[in-house]
Amino acid sequence: MTLAALDRETLGYGRAAVLPGLSFALAPGERVVLLGRSGVGKTTLLNAMHDRLARDHRTALVPQDHALVPQLSVLKNVLMGRLDDHGALYNLTNLLHVRRADRAGVVDVLTPLGLAELADRPVRALSGGQKQRVALGRAWWRGGAVLIGDEPVSAVDETHAEALLGQMRDRFPTALLALHDVALARSFATRLVGLRRGGILFDAPATEVSDGDIAALYAH
Ligand SMILES: Nc1ncnc2c1ncn2[C@@H]1O[C@H](COP(=O)(O)OP(=O)(O)OP(=O)(O)O)[C@@H](O)[C@H]1O
């Protein structure tokens, strides 16, 4: 069974193919990490899979640039994770004055992320690592069957990154991430996918991917 799949599809921009004729599928319960050099197409593949997954499954996204609203508070940015669950009137009034139950729910999400004290601070006044945790908080608040994350822990140190990925694992049954930290990828993933030069170099259970496979991925 698969949640979503690409079958020999060409991904790219305009006439420029980044990943020609690509086949890729995500099954429930998997934690898949994409590895590969900068510019190889990890974001391109994540976006294509997000489009596909979101048609049939509730999907939470942590984009590489976070896509936060800098003028709004941490609390209100996190609330945006559920905008499409409500009508415009609910959302507008909630932005003016956050409902008590929503506030309490968001604070429960912010607490393990170490952000509860910053709930009312505008996002523009946060550090890079704090902003990244707000983007994670928005995804936690959204919840769903799948999380798609594009370098979702790149701005925090390794110990915190592991803890955040642990929270992710507890909250989402299935995840598809791009990570540049191989050790972190190994500790999180059930399956590792190496992209190189327009295609998939390896796609295997994490325990079967050797250090040599990884080295080949990044070799010049
Ligand atoms: N909007 C766009 N229009 C045209 N080309 C793009 C666009 N976005 C990305 N590209 C190109 O597509 C290729 C793959 O980019 P992508 O962002 O998917 O790589 P990546 O593996 O995620 O890189 P990184 O690790 O640096 O984030 C690159 O050559 C990039 O320059």
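Above this text you will find the structure in question.
Residues numbered from 1 in each chain as written. Predicted model: local features only at pLDDT ≥ 70, side-chain atom pairs only at ≥ 80, totals over all residues. Heavy atoms only, no water.

Caption draft 1: Local environment of the nonpolar core. Ranked by internal contacts, the top residues of the largest apolar core, which has 47 residues, are Val33, Trp140, Leu147, Val153, Met168 and Leu192. If one sorts the elements of this core by residue count, helix H5 (residues 128–142) sits on top with six residues. Ignoring sequence-local partners within four residues, the contact set of Val33 consists of Leu177, Leu179, Ala185, Phe188, Ala189, Arg191, Leu192 and Val193. Counting residues in hydrophobic clusters, the runner-up holds 22 residues, among them Leu3, Leu11, Ala48 and Met49. (Core = buried A, V, L, I, M, F, W, Y, C linked by side-chain atoms within 4.5 Å. Buried < 20%, exposed > 50% of the residue type's maximum accessible area, 1.4 Å probe, protein only. Helix = DSSP H or I, 4+ residues; strand = E, 2+ residues; numbered from the N terminus. Contact = heavy atoms within 4.5 Å.)

Caption draft 2: View of the pattern of salt bridges. Per the counting criterion, the structure on display carries seven salt bridges. Among the ionic pairs, Glu30 bridges to Arg191, the shortest N-O distance being 2.8 Å. With Glu30 in the loop between strand E2 (16–26) and strand E3 (31–35) and Arg191 in strand E7 (residues 191–196), the pair connects residues that are 161 residues apart, well separated along the chain. Accessibility expressed as a relative area gives 17% for Glu30, which makes it buried. Here Arg191 and Asp203 are joined by a salt bridge, their closest N and O atoms 2.7 Å apart. Linking Arg191 in strand E7 with Asp203 in strand E8 (residues 199–205), this pair joins segments that are twelve residues apart in sequence. Classification of Arg191 as buried rests on a relative accessible area of 10%. (Salt bridge = Lys/Arg side-chain N within 4 Å of Asp/Glu carboxyl O.)

Caption draft 3: Focus on the sheet that holds strand E4 (residues 59–62). As summarised here, the arrangement of the six strands in space is E4-E5-E6-E3-E7-E8, forming an open sheet in which the pairing is mixed. Edge positions in the open sheet fall to E4 and E8, since each of these has one partner strand only. The sheet shows a mean angle of 15° between the axes of neighbouring strands, taken without regard to direction. In terms of strand pairing, E3 meets strand E6 (residues 174–178) through four bridges, oriented parallel. By the bridge assignment, Val32 is partnered in E6 with Leu176. The sheet contacts of helix H1 (residues 42–56) involve E3, E4, strand E5 (146–150), E6 and E7, and relative to E5 the element is tilted by about 155°. (Pairing = 2+ DSSP bridges. Axes fitted to C-alpha atoms, helices over the stretch in contact; angles between N-to-C directions.)

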